[in-house]
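# Chains, contacts and geometry: an overview
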Amino acid sequence: MGDITLSRVVQGYWRLTSWGWSPDELLHHMNECLKRGVTTFDTAAVYGGGECERQIGKALALDPSLRGRIQLVTKVGIVPGDGVTSYSHYNTTYHHVINACKECLKRLGTEYADLLLIHREDPCMDPRECGRALKALKTEGLIRAYGVSNFDPWKFNALYHAVEGELVTNQIELNPVCFEHFESGMMDLLADYGIHPMIWSPLAGGKLFTGTDDEILRVRFVLSELAEKYGTTESAVVYAWLTSHPVKALPVCGSNRIDRLEEALEGVETRLEHMDWYRIYTASGQKVLR
Ligand SMILES: NC(=O)c1ccc[n+]([C@@H]2O[C@H](COP(=O)([O-])OP(=O)(O)OC[C@H]3O[C@@H](n4cnc5c(N)ncnc54)[C@H](OP(=O)(O)O)[C@@H]3O)[C@@H](O)[C@H]2O)c1
């Protein structure tokens, strides 16, 4: 990915502040991930109101040698408001991106982020101004690479051209009940540019296994048949589906359980027969082949 290499599966920490972990427990988790080759960790300025980054910073402070062996991904551009004196908005202006990134680094207790993403597509973004900020952060050595998250093809292209093609990823939601980025043409654009997306909520936030509506039940039926066929678990089949696509996506696992991370790792090593990719694509009923 441009100037950086991320692990094939990324560990996501969006839910970290709900896990009630001490810095020691988080450090232990990071080391268990590393033992399995998962070296990239995903967070954002807004996760837990900054607390997620702070907790990662505290864990890293316990073993500073870890920093050089991991990649930290964080995101800026969302500004939460209190609804009384301020209102939630996006901000991708030059000064905000620069300052928000510096705040992230302070909370993480690190001198650089490996990858900085613009968290959400901003309808009021000036691609040249935002691009100038990202370039400046990289030139200053505060970030190694940059990209976006949740962008549609139009905004992606505008920023991509403003930074002469330096965007390394678009972190997007994709799973067997979410096809937004197939529909928008984003997947085709990324394939065209040879850019690998990062995939958030690969298991639809767990809904694939806890949901009870008809759509979910149809997907689960197909997943259970394929799990039996490939001698693996249903969630490994989902990770196999995500990574069998030619765009070569990097899924971001959101579980705090190492056994579930191992299922993800098993999945990305599993190659689905071509026709089985379409069984999952059509399983929910949202997609129909003509
Ligand atoms: N860029 C963005 O806008 C954006 C948005 C959302 C998320 N993200 C990133 O993507 C990461 C992953 O997102 P996510 O957490 O939604 O991913 P996910 O892997 O789809 O969902 C994780 C959730 O599913 C549960 N789960 C997993 N397997 C299960 C099973 N077999 N049965 C029941 N529950 C199961 C987990 O519970 P357990 O912990 O108990 O296993 C956890 O609560 C986040 O951590 C964050 O870093 C980015």
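In the block above lies the structure referred to throughout.
Residues numbered from 1 in each chain as written. Predicted model: local features only at pLDDT ≥ 70, side-chain atom pairs only at ≥ 80, totals over all residues. Heavy atoms only, no water.

## Let's talk about the overall build of the chain
This is how the line gets drawn: For helices the rule is a DSSP run of H or I covering at least 4 residues; for strands it is a run of E covering at least 2, with both sets numbered from the N terminus onward. Here the globule rule is a power law, 2.2 Å times the number of residues to the power 0.38, and the radius of gyration is based on C-alpha atoms. The buried label applies to any residue whose accessible area, calculated with a 1.4 Å probe on protein chains only, is under 20% of its type's maximum; exposed applies above 50%, and partly exposed to all values in between. By the convention used here, residues are in contact when the closest approach between their heavy atoms is within 4.5 Å. To measure how exposed things are, a 1.4 Å probe is used in the Shrake-Rupley method; for residues, cover is taken only from the protein chains shown. Only four residue types enter the tally: Lys and Arg on the positive side, Asp and Glu on the negative side, with His and both chain ends excluded. Charge positions come from single atoms, namely NZ of Lys, CZ of Arg, CG of Asp or CD of Glu.
From N to C terminus, the chain includes twelve helices and ten strands. For the chain, whose C-alpha radius of gyration is 19 Å, the value lies close to the compact-globule estimate of 19 Å for 290 residues. With respect to the three principal axes, the spread of C-alpha positions in the chain is 50 × 45 × 40 Å. A total of 290 residues make up the chain; the buried ones form 54% of that total. Put simply, of all contacts in the chain between residues at least 6 apart along the chain, 77% involve residues at least 24 apart. Entry remark: accessible area of the chain is about 12,900 Å², with carbon and sulfur atoms responsible for 51%. Both charge centroids of the chain, one from 30 positive and one from 38 negative side chains, sit 2 Å from each other.

## Focus: unusual backbone geometry
Located in the positive-phi region is E164, a residue other than glycine, with phi close to 50 degrees. With respect to the element layout, E164 can be found in the loop between α5 (153-162) and β8 (167-173).

## Considering the packing of α5 against helix α7 (residues 186-193)
Spelled out, the test is: Here an angle of 0 to 180 degrees is reported between the N-to-C directions of two axes, which are lines fitted to C-alpha atoms, with helices fitted over the stretch in contact. Under this scheme an angle from 65 to 115 degrees is roughly perpendicular, one under 35 degrees roughly parallel, and one over 145 degrees roughly antiparallel; angles in between are oblique. Each crossing is labelled by how the near helix is turned from the far one, with a counterclockwise turn of less than a right angle marking it left-handed and a clockwise turn marking it right-handed. All amino acids are sorted into three groups, where Ala, Val, Leu, Ile, Met, Phe, Trp, Tyr, Cys and Pro are nonpolar, Asp, Glu, Lys and Arg are charged, and the leftover types, Gly among them, are polar.
Axis separation between α5 and α7 bottoms out at 9 Å; the angle between their running directions is 30 degrees. On the basis of their axis angle, the class for α5 and α7 is roughly parallel. Every pair of crossing elements has a handedness; the one defined by α5 and α7 is right-handed. Where α5 approaches α7, its residues P153, F156, N157, Y160 and H161 are matched on the opposing element by M186, L189, L190 and Y193. When grouped by side-chain class, the residues that make up the contact of α5 with α7 number seven nonpolar, two polar and no charged.

## So, the environment of C52
One can find C52 in helix α2 (residues 51-62). Along the primary structure C52 and L108 are separated by 56 residues, whereas in three dimensions their C-alpha atoms are 8.8 Å apart. Once residues within four sequence positions are removed from consideration, C52 is found in contact with Y13, L16, T17, T43 and Y47.

## With respect to the sheet that holds strand β9 (residues 198-200)
Basically, it comes down to this: Here the rule is simple: two strands pair whenever DSSP picks up at least two bridges between them.
One closed barrel accounts for eight strands, arranged β1-β2-β3-β6-β7-β8-β9-β10; its pairing is parallel. Averaged over all pairs of adjacent strands, the angle between strand axes in this sheet comes to 30 degrees, irrespective of strand direction. Pairing of strand β1 (residues 10-12) with strand β2 (residues 40-42), which is carried by two bridges, proceeds in the parallel orientation. Along β2, the bridge assignment pairs G12 with D42.

## Re the packing of aromatic side chains
By convention here, two paired aromatic rings are described through the distance between centres and the angle between planes. As a reminder, the rule being used: Pairs were defined over the aromatic rings of Phe, Tyr and Trp, the Trp ring being its six-membered one, requiring ring centres within 6.5 Å. Orientation was assigned from the angle between planes: stacked under 30 degrees, edge-to-face over 60, tilted for the rest. Distance and angle both matter: a charge sits over a ring if NZ of Lys or CZ of Arg is within 6 Å of the ring centre and within 35 degrees of the ring normal.
Scanning the model with the defined rule gives 15 aromatic pairs in all. Taking 6.1 Å as the distance between ring centres and 75 degrees as the angle between the ring planes, the aromatic pair formed by Y13 and W19 counts as edge-to-face. The two residues Y13 and W19 agree in class, both being buried. When the ring of W277 is compared with that of Y278, the centres are 5.2 Å apart and the planes differ by 75 degrees; the resulting orientation is edge-to-face. With a relative accessible area of 32%, Y278 lands in the partly exposed category. An aromatic cluster of at least three residues, connected via ring pairs, comprises F179, F182, W241, W277, Y278 and Y281. Sitting above the plane of the Y112 ring, R67 keeps its charged end 4.0 Å from the centroid. Note that R144 overlies the ring of Y112, its terminal NZ or CZ placed 4.2 Å from the centroid.

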